[in-house]
Amino acid sequence: MPPPPTKKKNPWTPMAAGCIAGGIEATAVWPMEFIKTQLQLQSKVKGQLPYNGMLSGLSYYVRTTGFLSLYNGLAPTLVGSMPKAGIRFGLNALIKDNLRDKDGKLTPGKNFVAGLGAGVSEALIIVAPVETVKTRCIELNMPFVGGFRHILKTEGLSGVYQGARRNG
């Protein structure tokens, strides 16, 4: 007797889990991401930053503007991180379900293809544009929406996807 057909899983569950995980991840690493970006942009800034590394940067902001200031600018990152992880988790589950054989099994190669497809989609749909806008906003000292509008006005839609050639 043949095995019963496997039931396809609901892709919304891993997508929702990915969104939650993406939010937690972004919140946990944001202070270090902010300091890292400031240090990367230091060569473009006139004058020297009052810190020269991760720990001294974290210490500087806590000392001068308070602990919560480390989370300034987190909202746009959450807007990108939550759907990014949701797309990755949801598409991975969806692709895997479509690649399973009639017995519901998935070979390591097909599992790899599912992860690759989800990762490339995530990079092109969310990561490249959000990272480009985020970095430019920090560089220009602009809020996310203002920076996004500035890029669209001065460079067009291709300016938002400037990082796609490097990320995708």
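Calculation notes
Residues numbered from 1 in each chain as written. Predicted model: local features only at pLDDT ≥ 70, side-chain atom pairs only at ≥ 80, totals over all residues. Heavy atoms only, no water. pLDDT = per-residue confidence, 0-100. Helix = DSSP H or I, 4+ residues; strand = E, 2+ residues; numbered from the N terminus. Contact = heavy atoms within 4.5 Å. Core = buried A, V, L, I, M, F, W, Y, C linked by side-chain atoms within 4.5 Å. Buried < 20%, exposed > 50% of the residue type's maximum accessible area, 1.4 Å probe, protein only.

## What to know about the confidence of the model for the protein chain
For the protein chain, per-residue confidence averages 86 on the pLDDT scale, and 89% of positions sit at 70 or higher. Per-element mean pLDDT across the protein chain ranges from 54 in helix α7 (residues 164-167) up to 94 in helix α2 (residues 54-65).

## Description of the environment of K9
Examined against the element boundaries, K9 turns out to sit in the segment before α1 (12-41). Spatially, the C-alpha atoms of K9 and D97 are 7.2 Å apart, while their sequence positions differ by 88 residues. Those residues in contact with K9, other than ones at most four positions away along the chain, are D97 and R100.

## Section: the nonpolar core
Of all hydrophobic cores here, the largest spans 12 residues; its members are A26, W30, F34, I35, L41, L49, Y51, L58, Y61, L70, L74 and I138. Of all the secondary structure elements, the ones that give two or more residues to this core are α1 and α2.

## Brief notes about the side chain of T37
The topology assignment puts T37 in helix α1. For T37, a relative accessible area of 2% translates into the label buried. Not counting residues up to four positions away in its chain, the partners in contact with T37 are K134 and I138.

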